[in-house]
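What follows is the residue order along each chain.
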Amino acid sequence: MTAALLELRNVVRSYSKGGLFGRSARAVDDVSFEVGANGPEILAIIGESGSGKTTLARMILGTVRATSGLIRFKDFDLARVRNRKQRMDFMRQVQPIFQNPFEAFNPLTRLDRYLLSTARHFADARTDEAAAAASDAALRKVGLSLAEVKGRFPHEMSGGQLQRVAIARALIGSPSLLVADEPVSMVDASLRTAIVDLFRKLRDELGVSIIYITHDLATAYSISDRVVIMRRGVVVEAGEARATLDHPQHPYSIELKAAVLSPDVFPVVAPELASPDPL
Ligand SMILES: Nc1ncnc2c1ncn2[C@@H]1O[C@H](COP(=O)(O)OP(=O)(O)OP(=O)(O)O)[C@@H](O)[C@H]1O
């Protein structure tokens, strides 16, 4: 067993509820888990709205500080980021993918400018040619190329294409962890599978671990190695994805599954035993 890529121990994030007595509420309450202890993996964090998923993602990305607890990436305690160099080095290795790709890019900036600038910062590209080569290589990992993207503004792409550009941009610095917060919920249903399949490919071919934050059990079931199920800031259940989602134990997980239960998502009988489609 190798050391985990990411470790969370008893992580809490409280917010003041205001008022005379300064009461506070815990958006994330005593959460512990590891990512990548046994090699690259996809960990799904599942929960309904308000369960604390985004707050957790922000703490892992270092944009929100934990109120207490430990978040460690490799051997680095996030609470100890002190200077710009440490911050940039961390950002290169841990990249976000957001829900709405149209909000991730300035509508007035051409997409290749984003990619070239990221290549200069995170891929050590010192010349225009090197930045273009690094951008093209990253775009090819998501099934695009620099020639297809060059000169185009965000609104000139479809949501699915733009999410691929966002993923390519995240890959430029060869990160070891992607934190994807509801990355397909604003993408057409027909393109969702392609994007979640891409995550699987990134794990298998590039060795990237992915924290896949979602309320969608179907995609979590299809691509994740492990799941963490959250409710009101607390982890109610965690474990290997198929075992946990096939046989949920906690009443909340059972309820979540019942709400989406469909024979296509969770086969009632093993697929190999199911009768063939009628002719
Ligand atoms: N900046 C903040 N100030 C006060 N409360 C906050 C803040 N950010 C989050 N919260 C509260 O923390 C709880 C968890 O919110 P969070 O956005 O993390 O949940 P979520 O599972 O990501 O939900 P959604 O899918 O709707 O984004 C909510 O009750 C929310 O109101």
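Residues numbered from 1 in each chain as written. Predicted model: local features only at pLDDT ≥ 70, side-chain atom pairs only at ≥ 80, totals over all residues.

In the annotation of an unreviewed UniProt entry, the chain is listed under the name ABC transporter ATP-binding protein and assigned to Rhodoferax koreensis.

## Observations concerning the site of the ligand
Around the ligand lies a shell formed by Tyr-15, Ala-27, Gly-47, Ser-49, Gly-50, Ser-51, Gly-52, Lys-53, Thr-54 and Thr-55. Taken together, the residues of the shell around the ligand break down into two nonpolar, seven polar and one charged. (Near = placed C-beta within 6 Å. Nonpolar A, V, L, I, M, F, W, Y, C, P; charged D, E, K, R; others polar.)

## Details of the packing of helix α4 (residues 111–122) against helix α5 (residues 128–141)
It is the contact of α4 with α5, at a shortest axis distance of 8 Å, that shows an interaxial angle of 110 degrees. Between α4 and α5, the angle falls in the class roughly perpendicular. Every residue of α5 that contacts α4 at Asp-112, Leu-115, Leu-116, Ala-119 and Arg-120 is listed here: Ala-131, Ala-132, Ala-134 and Ser-135. Residues that form the contact of α4 with α5 fall into these classes: six nonpolar, one polar and two charged. (Axes fitted to C-alpha atoms, helices over the stretch in contact; angles between N-to-C directions. Helix = DSSP H or I, 4+ residues; strand = E, 2+ residues; numbered from the N terminus. Parallel < 35°, antiparallel > 145°, perpendicular 65-115°, else oblique. Contact = placed C-beta atoms within 7 Å.)

## Description of the environment of Gly-233
Among the structural elements, Gly-233 can be located in the loop between β9 (226–231) and β10 (234–240). Spatially, the C-alpha atoms of Gly-233 and Asp-29 are 5.1 Å apart, while their sequence positions differ by 204 residues.

## A word on the domain arrangement of the chain
What the domain assignment reports for the chain is domain 1 (1–17 + 24–74 + 176–256) and domain 2 (104–174). Averaged C-alpha coordinates put domain 1 and domain 2 at centres separated by 26 Å. With 10 residues of domain 1 in contact, the opposing surface of domain 2 contributes seven residues. Element by element, the count of residues in the side of domain 1 that touches domain 2 is highest for helix α8 (residues 189–206), at five residues. (Domains from an automatic or database assignment.)

## A closer look at α8
Turn by turn, an α-helix covers 3.6 residues, leaving residues three or four places apart pointing in a common direction. The first and last C-alpha atoms of α8 sit 26 Å apart over 18 residues, in line with the 26 Å expected at 1.5 Å per residue. For α8, the set of buried residues is Ile-195, Val-196, Phe-199, Leu-202 and Arg-203. The buried residues of α8 all sit within an arc of 100 degrees when viewed along its axis, so they share a single face. The outward face of α8, more than 90 degrees from its buried face, is lined by the exposed residues Ser-190, Asp-204 and Glu-205. The inward-facing, buried residues of α8 contact β3 (42–46), α7 (159–171), β8 (209–214) and α9 (217–223). (Expected span 1.5 Å × (residues − 1). Buried ≥ 20, exposed ≤ 12 C-beta atoms within 10 Å, placed from the backbone. Arc of directions from axis to C-beta.)

## Focus: the pairing of strand β1 (residues 6–18)
Bridge analysis of β1 against strand β2 (residues 23–35) gives nine bridges, and the strand direction is antiparallel. Within β2, the residue paired with Glu-7 across the bridge is Glu-34. Across five bridges, β1 lies against strand β4 (residues 68–73) in antiparallel orientation. Bridging across to β4, Glu-7 finds its partner in Arg-72. (Pairing = 2+ DSSP bridges.)

## What to know about the environment of Ala-37
By the secondary structure assignment, Ala-37 is in the loop between β2 and β3. Spatially, the C-alpha atom of Ala-37 lies 6.3 Å from that of Leu-5, the residues being 32 residues apart in sequence.

## Re the sheet that holds β3
Sheet architecture is open: six strands sit in the order β6-β7-β8-β3-β9-β10, paired in mixed fashion. Where the open sheet ends on each side, the last strands, each with one partner, are β6 (94–97) and β10. With direction set aside, neighbouring strand axes in the sheet form an average angle of 15 degrees. Pairing geometry for β9 and β10, over six bridges, is antiparallel.

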